[in-house]
Amino acid sequence: MPGLFALAPHAPVVPVVVVEDAADAVPLARALVAGGLPLIEITLRTPAALDAVRAVAAEVPEAVVGAGTVVSAAGAADAVRAGARFLVSPGCSGRLLGALRESGVPFLPGVSTASEVLSLLEEGVTELKFFPAEAAGGVPYLKSLAGPLPRARFCPTGGISAASAPAYLSLPNVACVGGTWMLPPDALAARDWGRVEALAREAARLARQAVPSGSGRARPSRP
């Protein structure tokens, strides 16, 4: 089974979605896919989250839907039963790592320090979430990790915007970025899926422009 970064290699921007009403999940996912962002992380932060994952998995086959904010073994199992095709955590403990591995789907455990990266590399995990990206040092910090820890590949998330995303995507150890800038609260409140699609299209174009011509992104295998 491929790692997460190989599931949608041409869409290195991952929308990080908080769903308050499960009825919004399908039209929202369709708007993101139509805009060129098929890799969708639905965070387990609301009571509607698992129903949202379930609905997107069943009704939007073009989407690669996953669950974020996975903080327990039970949460990982519930998300996979709902149809999540990948899992993302804000951090990682030994127990959680075991649950992520047992889930049977690709996963991104969260890290914010070199020691955490090294610990997961020792466990054979090379695909990581860098969180909270801006607060933890941003582009300069990730750039400094590329030399001593070249096997690690990151999806930075947390505080990233349309303006800052290209700098992250230009780094050799960054495979994708996660963000919410294509999901403005007023557009979601108004259910303005056309605006979401337009912003997703801009994000997808931004990502393509950030990849130097002829330089393929690394696609690590599943840990």
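The structure displayed is predicted, hence computed values, not measured ones.

Cut-offs used in this document
Residues numbered from 1 in each chain as written. Predicted model: local features only at pLDDT ≥ 70, side-chain atom pairs only at ≥ 80, totals over all residues. Heavy atoms only, no water. 1 Å grid on protein atoms, 1.4 Å probe; cavity = no way out; pocket = protein on both sides within 12 Å on 5 of 7 lines; lining within 4 Å. Points joined across faces, edges and corners; volume = space filled by probe spheres on them. Nonpolar A, V, L, I, M, F, W, Y, C, P; charged D, E, K, R; others polar. Pairing = 2+ DSSP bridges. Helix = DSSP H or I, 4+ residues; strand = E, 2+ residues; numbered from the N terminus. Core = buried A, V, L, I, M, F, W, Y, C linked by side-chain atoms within 4.5 Å. Buried < 20%, exposed > 50% of the residue type's maximum accessible area, 1.4 Å probe, protein only. Contact = heavy atoms within 4.5 Å.

**Description of empty space enclosed by the protein**
- Under the counting rule described, the total for this entry stands at two cavities of 30 Å³ or more.
- Here the second largest cavity defines a volume of roughly 60 Å³.
- Along its surface, the second largest cavity is lined by Leu4, Val14, Leu39, Glu41, Phe86, Val88, Leu108, Lys129, Cys155, Thr157 and Cys176.
- Its residues assigned to classes, the lining of the second largest cavity comprises eight nonpolar, one polar and two charged.

**Some details on the sheet that holds strand β6 (residues 110-111)**
- Spatially, β6-β7-β8 is the arrangement adopted by the three strands of the open sheet, whose pairing is parallel. Each edge of the open sheet carries a strand with a single partner, namely β6 and β8 (153-156).
- Pairing geometry for strand β7 (residues 127-130) and β8, over four bridges, is parallel. Bridge pairing in β8 links glutamate 127 to arginine 153.

**A word on the nonpolar core**
- By size, the foremost hydrophobic cluster in this structure holds 64 residues, and its most contacted members are Ile42 and Leu87.
- Beyond its immediate chain neighbours, meaning those up to four positions away, isoleucine 42 contacts Val17, Val19, Ala49, Ala52, Val53, Val56, Val65, Gly66, Ala67 and Gly68.
- Of all hydrophobic cores here, the second largest spans 13 residues; its members include Ala11, Leu39, Leu108 and Ala175.

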